[in-house]
Every structure is written in C-alpha cells, then in structure tokens.
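# Structural description and commentary
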Amino acid sequence: MMIQPDSGGADASAASLEVDGVVVDFQGLRAIEDVSLTLRPGEILGLIGPNGAGKTTLINVLTGFQAVTQGSVRLGGVDIAGWKPHERSRRGLVRTFQSVLPFAGLTALENVEAGGVAIGLVRGEARAEAVRILSEMGLAHAANRKAGTLPFGEERRVGIARAIAMRPRFLLMDEPAAGLNDAECRDLQTIVRGICVSLSCGVLFIEHRMSMVFELCHRIQVLQLGRTLALGPTDAIRADPKVRKAYLGEDEVSPC
Amino acid sequence: MIVLQNLIDAVSLGAVYALAALGIGLIFSVMRLINFAHGELIMVGGFTLYTLAGQPLLVMILAALLTSTVLALGMERVAFRTLRKASPATLLISSFAVSYLIQHIVLLAFGSRAMGVAFLPELGTAIDLGGLRIPLLQLVTIAVTLVLMAGLVAFFRLSETGLQMRAAAEDFTMARLVGVKANRVIAFAFAISGVLASIVSFYLVAQTGSVSYKMGVSMVLIAFVSSVIGGMGSIAGAALGGFLVGIVSVSLQAYLPVDLRPYRDAFVFLLFVLFLFWRPDGLLASRADRDRV
C-alpha cells in the first residue's frame, strides 16, 4: 500500500490546478457553461456565486465525482479527467467536505491518521504525524475522543487536520465556516492562512460569508448561472459594479 | 448446575449467531446492502466439506474457506458492484436473486435431500468439567469465536485497511475523498464475510453432521435479526445482537413449558418484534447512517 510521494521535478514547475473550458450537462440541463479556473500554489482563490451558480458542481468536477461533458482538468500540467477520487486525493488534490466533517465514530486521532494512511503512510508513521498535527492545531487534548462528541468548532478543526495530514498541494474548502461563530471563524482564517503558507498549498475557498472571503482570499472568481461573471484581485472584485449588482446586491456587505 | 450448563449452551450458540451476524453487518456497514446470499456462502462452505469428505482435515478446512471467500468476492463483482449506486431496496432484491440462484444450482447438482458428512465427529464428545458435561464442540466454538473477534478488533484498530473500512462504514463518500479505494474496501469486506461464513458452516456441519441446499437460510435470517437488534451499520452491534439472540433462544428452549418448546422460534421472533417497538434502531445504531453519493 505504499505510495511513492510525489517527487517535485517536472510537475513542480507547472504546478497549478487548471480547469479549462469545462462544460457539464445534467441530462440536457447545462450546469456549467465554459468555465476556466486556475489555482496556483500558495494562493487562496475565493469562489463565490449565488446558489445554483455551479460552485459545488465545479468542486465535484475537480474531485472526480462529476464527469465533464467538455473541457479539461489538469493538475501540474497532467490531464486528470480520468482519475478516480482516491487517485486525485493521493496526489495532493484534497477536498474538505462541505462543513469539513470528520468521521463521527472515529477518534480525532484516527480521523487524522486516516488522512495519513490515504497518502500511503503505514499506521505508525500516520499516527506520529497525526499526533503532531493535532497538537499544532491545539487539539492534543481531544485526540482520543470520538470526533462526533467534540464541540462543533473542534470537530471542524479535526476535519481540517485530516485534510492537512494528506499533505495537500491543492485544498478545496467547501463552505468551511458554515455554522461557526465569529471567534471560530477567526481561528479558521488563521488556520487556512497557515496551511497556505507552510504547505505552499493552493486553497480554493467557497464560502457564503463575504467578509471572510474578502479578508482571506488573494483573488476571487464569481460564478453566475454556470459562467464566470468576474475574476480578479479581491479589491477589484469587491468594487466591481457588475458583481455588486448580480450577487452582493447594491447594499453594503453584511459583516461576518 | 443446570443454569451453568444452559449458560454455556447459550454462549456457544450466541457465538455462532454473532459470527453470522458479523458477516451481514460488515457488508451492510460499508455498502448498505443486506446480503441475504450470505446464507449461501455458509451453504457452499458446507458442500465443500461434503465434497472433500475423507481428505485430510486441513485440506477440507482450507478448501471450504477458499470456496466461500471466492464466492463472496465473485458475487460482489458480478451482482453488487454494478449496482453500487442503486437504492438499498434494489441491492436487497439482487441479493435474494443471488441467494436463490446459488441454492438452485446446488439443488441441481446435489439434489434436495440432506446428506451426511463426518466432519470433526470427535467434537461431539462431551468432557467432564466439575460435574458438567460439556460438548467439546461448544468449547471450541466459543474459543474460535473469541479468537476471531479479537483478530477482527485488532484488524479494525491497527491496520491501514481496517481504519479505512471503519471510515467507509461511517461515511462512504467522505471516505473516498480521504483516499479510500471503494472497490478495495468493499472487496475486503466481502472476503472477510466469506471467511466468517465458512467458519459458521464448520459449526453447522459438525453440529448436524449433514449438509443441504437450504442449510444457510435459517442462519441468515437469525443473523439478520441479530444485526438489526445490535443496530444496522454497527459492527460491534452485530456481534452483541448475535450473542443476545443465542442467549434468548437457549433460555426459551430451557424454560418454556415443554408443550411450547417446539415453537421456540416463534417466541424468538415475537420478542424481536416487541424489541423493535422499544428500540427500532437497535442497541448500537451507527451515527452516520447517511446515504452515499
């Protein structure tokens, strides 16, 4: 079950996650119409848009749960369209599930170990790594408790710790802040920035709390009705009248 | 004294039920499939012993283990893998089809009458333990079950695949996102259920000294009831449910009025229905009973 860790070399040079001209049809309904997206290592890209804009479909395309009708998905220049979900995650494309839930019946430690096992570590290595990650995230006290019995905010952090254990090159975070309070939101921001810097990992950040997206993301891509409405640096998107009209509404953005 | 005797009866029968229920519960936990064809894995193990009667014991045992395991992997590959995204009801019906198909193939090949097999007849002798006469088979059954369960617990706690199977049992979709290979984990679960089924067949054949094409049917029903009592989806629950059903069956056998004893199973199932009014989710229902993608 050992998997060779990805050696840098060839694919480190062109190491972006790229979606190019992707179209997705659901039985005649077009869910995504020609969307392209580039996520670079070390950057946080916000993906926003109203419900039904195609955000979750796009994440499913990236993780391999949704086949594309047209277009390509490349990881470090390699076309990964035919790869299964586990093959993608083993090669560093990691998704924190909507609301970052850990496995409730496994202990916090076992959850994070599962992340290490996923990239081919044997149990002893995975355990050592999990202990380290949990203590870094201030979860050492929770290691042997079942994840489902932890307070909500800690449960989330276990889910993120599991993602970190998979040594992501690209992390897809689907509404990681749903249900968190303000303090937990701030913790989450610190953690995401930390992951981004220490693992030089690209983060695709999908979130409804606009204040968090604006504070955290380097660039933002706005989807609407399966198309890209706007793409650019955070400040530009924030000021873009098209975006304000279509998505944010004319009113001032509500705080976190 | 008679109480102690009954207790040992109950525990050994419960051990067999627990092994059968584990086979059902394990597959359900990773796949949401109630595999009624599990009974045929038991039956095929029995017929392998029948076919190889007279060969060295080790050959018979290994061949039966192999046959049940290969059949388990085969039914997963042919009947269930393609239906993995289907509803649990479709999977259930498919397992009935597999069950009847295998039964009738064996019926064609071997006929409908039960056939005698001498398998470990020496286990039928009873040993004297401080005034108790205990059949050796019961002691061996209890010992084998305890060893197997300890092995399974160690597998689930300590191995990479065991951890991934528990993750898959919690939430299959999420497990796949955490790098769990769906086909591998499910095939592994079927292989374990095949091994468990053949061990149940050893007990049945040693106990009754015979095989028939219907020999797995009542066992799989008991196993199903046991895993529901324990809580579908919970592996520990399946084992617990098996022991409980065994203990209740033996208690009814021992303490029902003599006239009613032939109807013991009716009482067992009546109690089961009453139990469901009390705990419809079983004793240790698994938390993560979400559907998978």
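Conventions we followed
- Note on numbering: residues in each chain are counted from 1, in written sequence order.
- Chains and ligands are labelled by the order in which they are written, letters from A for the one and numbers from 1 for the other.
- Whole-chain, interface and lining totals are the exception, using all residues; otherwise, since this is a predicted model, local features are given only for residues with pLDDT of at least 70 and side-chain atom pairs are given and counted only at 80 or more.
- The side-chain quantities take in all heavy atoms of the structure and omit both hydrogens and water.
- The secondary structure listing takes helices from DSSP runs of H or I that are at least 4 residues long and strands from runs of E that are at least 2 residues long, numbered from the N terminus.
- In this analysis, two residues are considered to be in contact whenever any of their non-hydrogen atoms come within 4.5 Å of each other.
- Only protein chains enter the area calculation, which uses a 1.4 Å probe; residues under 20% of their type maximum are buried, those over 50% are exposed, and those in between are partly exposed.
- For the domains described, the bounds stem from an automatic or database domain assignment.
- Put simply, buried area is the surface a 1.4 Å probe can reach on two separate parts but cannot reach once they are joined, added for both.
- Every case where a carboxyl oxygen of Asp or Glu lies within 4 Å of a side-chain nitrogen of Lys or Arg is listed as a salt bridge.
- Just so you know the grouping, Ala, Val, Leu, Ile, Met, Phe, Trp, Tyr, Cys and Pro go in nonpolar, Asp, Glu, Lys and Arg go in charged, and all remaining residues, Gly too, go in polar.

Chain B is annotated in an unreviewed UniProt entry as Branched-chain amino acid ABC transporter permease from Taklimakanibacter albus.

What follows is about the side chain of B:Gln138. Mapped onto the elements, B:Gln138 comes out in helix H5 (residues 136-158). Once residues lying within four places of it in the same chain are set aside, the contact partners of B:Gln138 are B:Ile8, B:Asp9 and B:Ser12.

Residue and element names in this part refer to chain A. The topology assignment puts Arg238 in helix H9 (residues 234-239). Assessed through its relative accessible area of 40%, Arg238 is described here as partly exposed. The spacing of Arg238 and Gln224 is 14 residues in sequence and 16 Å in space, taken between C-alpha atoms.

Looking now at the domain arrangement of chain A. All names here are of chain A. For chain A, the assigned domains are domain 1 (15-92 + 169-249) and domain 2 (103-167). At the junction of the two partners, domain 1 supplies 16 residues and domain 2 supplies 12 residues. Counting each side, the surface lost to burial between domain 1 and domain 2 is near 1000 Å², with a carbon and sulfur contribution of 68%. For the domain 1 face of the interface with domain 2, the top three residues by lost area are Arg90, Ile191 and Leu199, together amounting to 36%. Applying the counting criterion to the domain 1 and domain 2 interface returns 0 salt bridges. When contributions to the side of domain 1 that touches domain 2 are tallied by element, the ones reaching two or more residues are helix H3 (85-90), strand E7 (170-174) and helix H7 (182-198). Of the residues in the side of domain 1 that touches domain 2, the class split is 10 nonpolar, 3 polar and 3 charged.

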